[in-house]
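Report on the structure
Read off the chains here:
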Amino acid sequence: MKPTDRIAQLVEQLNEHNYRYAVLNDPAISDREYDALMRELSDLEAQHPDLIQPDSPTQRVTSDLTREFPTVQHQVPMLSLDNTYSEDELRDFEDRIRRELPDEELQYVAELKIDGVALSLIYENGLLTRGVTRGNGTQGEDITPNVKTIKSIPIRLKDPVPYCEIRGEVYLDHNTFDAINVQREKNEENPFANPRNATSGSLKLQDAQQVAERRLSFFAYSFRSPNIQLPTHGENLSYLERLGLPVNTNHALCDNIDDILTQAREWEEERQKLKYDIDGIVIKVNSITQQNKLGATSKSPRWAISFKYSAEQAETVLEDITLQVGRTGVVTPVANLKSVQLAGTTVSRATLHNAEELERKDIREGDTVILEKGGDVIPKVVRVVTAKRAKDAIAFEFPKNCPVCKSPLIKDESEVAIRCENSQCPAQLKGNIRHFASRTAMDIEGLGTALVDQLVDSELVRDVGDLYNLKLDELAGLERMAEKSAQNVLNALEASKQQPFHRVLFALGIRHIGATVARTLSDNFHSIDRLRDTPPEEIAAVHEIGAAIAESIHTYLDDNSDWDWMGWVFNPSPNIYAHIDKGGDWNLIKKLRAAGINLESEAPADTGPKPLDGKTVVVTGTFSRWGRQQAQDLIRALGGKPTSSVSGKTDLVIAGEKAGSKRTKAEQLGIDILDEEEFFSKYVSEENV
Ligand code: IVH
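Now for a look at the structure at hand. (Residues numbered from 1 in each chain as written. Predicted model: local features only at pLDDT ≥ 70, side-chain atom pairs only at ≥ 80, totals over all residues. Heavy atoms only, no water.)

**Comments concerning the overall build of the chain**
- Check the secondary structure of the chain and you find 26 helices and 22 strands.
- Relative to its length of 689 residues, the chain is compact, with a C-alpha radius of gyration of 27 Å against a globular reference of 26 Å.
- Taken over the C-alpha atoms alone, the chain extends approximately 85 × 75 × 60 Å along its principal axes.
- For the chain, the residues scored as buried account for 48% of the 689 residues in total.
- Residue pairs at least 24 apart in sequence account for 68% of intrachain contacts in the chain once pairs closer than 6 positions are excluded.
- In the structure as shown, the chain presents an accessible area of about 34400 Å², 48% of it carried by carbon and sulfur atoms.
- Taken as two groups, the 81 positive and 109 negative side-chain charges of the chain have centres that lie 1 Å from each other. (Helix = DSSP H or I, 4+ residues; strand = E, 2+ residues; numbered from the N terminus. Rg over C-alpha atoms; globule rule 2.2 N^0.38 Å. Buried < 20%, exposed > 50% of the residue type's maximum accessible area, 1.4 Å probe, protein only. Contact = heavy atoms within 4.5 Å. Areas by Shrake-Rupley, 256 points an atom, 1.4 Å probe, with all protein chains shown as cover. Lys, Arg positive; Asp, Glu negative; His and termini not counted. Charge placed at Lys NZ, Arg CZ, Asp CG, Glu CD.)

**Section: the packing of helix H3 (residues 87-100) against helix H9 (residues 257-270)**
- As a packed pair, H3 and H9 sit with axes 10 Å apart at the nearest point and diverge in direction by 140 degrees. If you check the angle between H3 and H9, you find them oblique. As for how H3 packs across H9, the hand of that crossing is right-handed. Residues Glu 87, Leu 90, Arg 91 and Glu 94 of H3 lie in contact with H9, whose contacting residues are Ile 257, Asp 258, Ile 260, Leu 261 and Arg 265. (Axes fitted to C-alpha atoms, helices over the stretch in contact; angles between N-to-C directions. Parallel < 35°, antiparallel > 145°, perpendicular 65-115°, else oblique. Left-handed = near helix turned anticlockwise from the far one by under 90°.)

**What about the packing of aromatic side chains?**
- Counted by the stated rule, this structure contains five aromatic pairs.
- Aromatic side chains Phe 436 and Tyr 468 sit 6.4 Å apart centroid to centroid with 75 degrees between the ring planes, which places their arrangement in the edge-to-face category. Placement of Phe 436 in helix H12 (residues 426-437) and of Tyr 468 in the loop between helix H13 (449-457) and helix H14 (472-476) is noted, with a sequence separation of 32 residues between them. A single burial state applies to Phe 436 and to Tyr 468, both of which are buried.
- An aromatic cluster is built from Tyr 171, Phe 219 and Tyr 276, whose rings are joined through pairwise contacts.
- Across from the ring centre of Phe 192, 4.1 Å away, lies the NZ or CZ of Arg 184, which sits over that ring.
- Over the face of the ring belonging to Trp 586 we find Arg 532, whose NZ or CZ atom lies 4.3 Å from the ring centre. (Phe/Tyr/Trp six-rings, centres within 6.5 Å; stacked < 30°, edge-to-face > 60°. Lys NZ or Arg CZ within 6 Å of the ring centre and 35° of its normal.)

**With respect to the sheet that holds strand S9 (residues 251-254)**
- Sheet architecture is open: five strands sit in the order S2-S11-S10-S3-S9, paired in mixed fashion. Of all strands in the sheet, those bounded by a partner on one side alone are strand S2 (83-84) and S9.
- Where S2 lies against strand S11 (residues 304-308), two bridges are found, and the strand directions are parallel. Each residue of the ladder has a partner; that of Thr 84, found in S11, is Phe 307.
- In this fold H3 packs onto S2, strand S3 (108-114), strand S10 (278-285) and S11, with an angle of close to 170 degrees to the strand it touches most, S11.
- With respect to the sheet, helix H8 (residues 233-243) is in contact with S3, S9 and S10, its orientation differing from that of S3 by roughly 50 degrees. (Pairing = 2+ DSSP bridges.)

**Considerations on H12**
- Between the first and last C-alpha of H12 there are 16 Å, a value that for twelve residues agrees with the 16 Å anticipated at 1.5 Å per step.
- Within the sequence span of H12, burial applies to Ala 427, Gln 428, Leu 429, Lys 430, Gly 431, Ile 433, His 435, Phe 436 and Ala 437.
- Those residues of H12 that are buried are in contact with strand S12 (312-325), strand S18 (418-420), H13, helix H16 (501-507) and helix H23 (586-595). (Expected span 1.5 Å × (residues − 1).)

**Regarding empty space enclosed by the protein**
- For the coordinates displayed, the defined rule picks out five cavities of 30 Å³ or more.
- By volume, the largest cavity amounts to about 80 Å³.
- Lining the largest cavity are Glu 111, Leu 112, Ile 114, Phe 219, Ala 220, Tyr 221, Leu 237, Val 247, Asn 248 and His 251.
- Where the lining of the largest cavity is concerned, the elements lending two or more residues are S3 and strand S8 (217-224).
- Classifying every residue of the lining of the largest cavity by side-chain character gives seven nonpolar, two polar and one charged. (1 Å grid on protein atoms, 1.4 Å probe; cavity = no way out; pocket = protein on both sides within 12 Å on 5 of 7 lines; lining within 4 Å. Points joined across faces, edges and corners; volume = space filled by probe spheres on them. Nonpolar A, V, L, I, M, F, W, Y, C, P; charged D, E, K, R; others polar.)

**Here's the deal with the sheet that holds strand S20 (residues 641-643)**
- Strand order across the open sheet formed by four strands is S20-S19-S21-S22, with parallel pairing between neighbours. Each edge of the open sheet is held by one strand with a lone partner, namely S20 and strand S22 (672-675). Ignoring strand direction, the axes of neighbouring strands in this sheet form an average angle of 30 degrees.
- Helix H25 (residues 661-669) contacts strand S19 (616-620), strand S21 (652-655) and S22 of the sheet and is inclined by roughly 140 degrees relative to S22.

**With respect to the packing of H12 against H13**
- Taken N-terminus to C-terminus, the directions of H12 and H13 make an angle of 135 degrees; their axes are 10 Å apart at the nearest point. Overall, the two elements H12 and H13 adopt an arrangement that is oblique. In the packing of H12 onto H13, the handedness of the crossing is right-handed. Of H13, the residues touching H12 (which contributes Pro 426, Leu 429, Lys 430, Ile 433 and Arg 434) are Thr 449, Val 452, Asp 453, Val 456 and Asp 457.
- Partitioned by chemical class, the residues of the contact of H12 with H13 number five nonpolar, one polar and four charged.

**Quick look at the nonpolar core**
- One finds Leu 467, Tyr 468, Leu 475 and Leu 521 to be the most contacted residues of the largest nonpolar core, which totals 54 residues.
- Breaking this core down by element, the ones donating at least two residues are H12, H13, helix H15 (483-496), H16, helix H17 (515-525), helix H18 (528-533), helix H20 (547-557) and H23.
- Excluding residues that lie within four positions of it along the chain, Leu 467 makes contacts with Ile 433, Phe 436, Leu 447, Leu 455, Val 461 and Leu 493.
- Among the nonpolar cores identified, the runner-up in size contains 34 residues, and Tyr 123, Ile 166, Phe 218 and Leu 240 belong to it. (Core = buried A, V, L, I, M, F, W, Y, C linked by side-chain atoms within 4.5 Å.)

**Here we look at the state of the cysteines**
- The final tally for this structure, using the stated rule, is zero disulfides.
- No disulfide involves Cys 420; its sulfur sits 3.7 Å from that of Cys 405, the nearest cysteine. (Disulfide = S-S within 2.5 Å.)

**Some details on the environment of Asp 178**
- Mapping Asp 178 onto the fold places it in helix H5 (residues 174-186).
- With 168 residues separating them in the primary sequence, Asp 178 and Thr 346 have C-alpha atoms 9.7 Å apart.

**A closer look at the site of the ligand**
- In the neighbourhood of the ligand, 13 residues make up the surrounding shell, with Leu 81, Glu 111, Leu 112, Glu 169 and Lys 284 lying closest.
- Contact between the ligand and Tyr 221: an oxygen atom at 3.3 Å from a side-chain N or O atom of the residue.
- At 3.0 Å, a side-chain N or O of Lys 284 approaches a nitrogen atom of the ligand.
- When the ligand is considered free in solution it has 510 Å² of accessible area, and contact with the protein chains removes 86% of it.
- Sort the elements by how many residues they give to the shell around the ligand and S3 lands first, with four residues.
- The residue makeup of the shell around the ligand, split by class, is eight nonpolar, one polar and four charged. (Near = heavy atom within 4 Å. Polar contact = N/O pair within 3.5 Å; in protein donor to acceptor, adjacent residues only side chain to side chain.)

**Observations concerning the side chain of Thr 84**
- Along the polypeptide, Thr 84 turns up in strand S2.
- Residues in contact with Thr 84, not counting those within four places in the same chain, are Glu 89, Leu 90, Ile 305, Ser 306, Phe 307 and Lys 308.

**A short note on unusual backbone geometry**
- At Asp 443, a position not held by glycine, the phi torsion is positive, near 50 degrees.
- Residue position: Asp 443 is located in the loop between H12 and H13.
- One non-glycine residue, Arg 480, adopts positive backbone phi at about 55 degrees.
- Looking at the secondary structure, you find Arg 480 in the loop between H14 and H15.
- Arg 480 gets classed as exposed once you look at its relative accessible area, which sits at 69%.

Put into structure tokens, the structure is as follows:
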């Protein structure tokens, strides 16, 4: 395959995996597979910098900033760790250090890599004054009230150190995690995929009382203070313990890589017994003087590396295979297993991904299989133990029809997925409603899986618009539904009418329209009518919106309800109806409008002329104050139009750190270029940030 094609393919795949992971909470591949694809992409991009796509995941500033918490600057950036899965790369790590520090004696500390969420704590005169998330590494969110609910984090240190910063990992132990999910299922909320997601979700809750109920835990792994400087990392860990912080007891001094590997293997054996998730070990140069000499790249320190463990495995019997139809019609085979303990949780189901994978691995009902869990993904079947296969086991045959609505399944040549293309399929409808009601979409509390099933099965709801016509007696008439809960659901539906337009747009579940894209579309076009009336080329011209998104939104909103109707009358076969219906969701929009759902955003307040009115502005490079998205929001707020490429029409380029070809091009074209400081002092005053 040509590099151009492979890059395009990787960008699309990685963005989709990222969406599944970050938005749907439903990752399809392990971290390790994701890392491998990401590495392939960055290697290709390094060889062909001219082929870097603007929507490449390598161009994304990783950030977990949300709008609700105040943003604060880290005094020392919170970097991430370089990671490896191989012994050879671990030896390369040591070789590099030896080259940098010839003739120096080296010692390392090996410790567990806790699979949680990084946190920075500031103590002043021994008192906890601030708890901040990693954020984008430079700026994080001040979540102090939430941090104070974590019982293992002392509010007062045992020594009144004048000033110090302590960093560590917030996590959930397996028992607490399981209890939270049991409770969520009871409340008909989606369970968390893994302890790390649950931790990160909990830390971002707005109500500290709720955070307290999550019973989060903490391990400290770093200490920094202008008042107390100890010579080694090992001594810092002991001092953290003395200060009253929880420090993981599994840490060891090692003299060389062989020592480290022995230690790593020992811990890997013990891993099953731990009460929390780890995803590897971290190796740190022990001497702080040496750490300082080695320094860091913009991403990670040169004095530390993480050595990741492969996923944990377990053996069990695959009892049968069932097929699940998702929101977009993709049919996924699922293995129902004899329950088995794996990585601290009981597993009874595993994804088999798709027909190709089933065939490739030749997985049959009744087989003994090896399962794997990558710390964060739904477990999957790695391979079959063929030696244990029954003689009469027969190969699994993928059905030709949708297991739910019986319409023929279609395999799109360009992808591996097999789909049910009937948009009226009850399974898709259920998925759509669950997505519509979910917390990040319309946030309709009480509309959980069981109720959605009942509403669709009883045909009370045929699309999400019908939700708003539900009557109290209809709801209360459903099994296991008391009048009080029915009223609560109606109240939640009523409240959801206040959700802003960008949430509605996301909730519709249009292909490629994730939460961020929905916000961008809403900021740029302000209403569903304008989105419908704007030609796809114009939509695609907006920064961070590509042709695929534009096409998808255009197809979805295309007002061909006549076609829709004719198709139904003349061609009542469900499949043909479904095909024609694909483009005709405008009827749904009409229904939602009638129900009083927000289909436009507040018109931006007119505050008179703005400093960047009418100017086309390109942002390039990285900034210390803003993420890419924030910088663009700022430009819009100042009246300017952010675009992605530099051309004769560009009025201004704001060039941050590491601005590359765009800056050069702007120089060639003689376009005004400002750096972050200049832009800030010229345009950003207190009243317009
Ligand atoms: S040291 C400069 N030690 O792993 C990075 N990190 O990508 C210093 N983590 O965000 C981090 N256990 O949240 C360190 N024992 C440990 C750790 C650990 C987990 C996390 C940390 C960081 C990520 C590295």
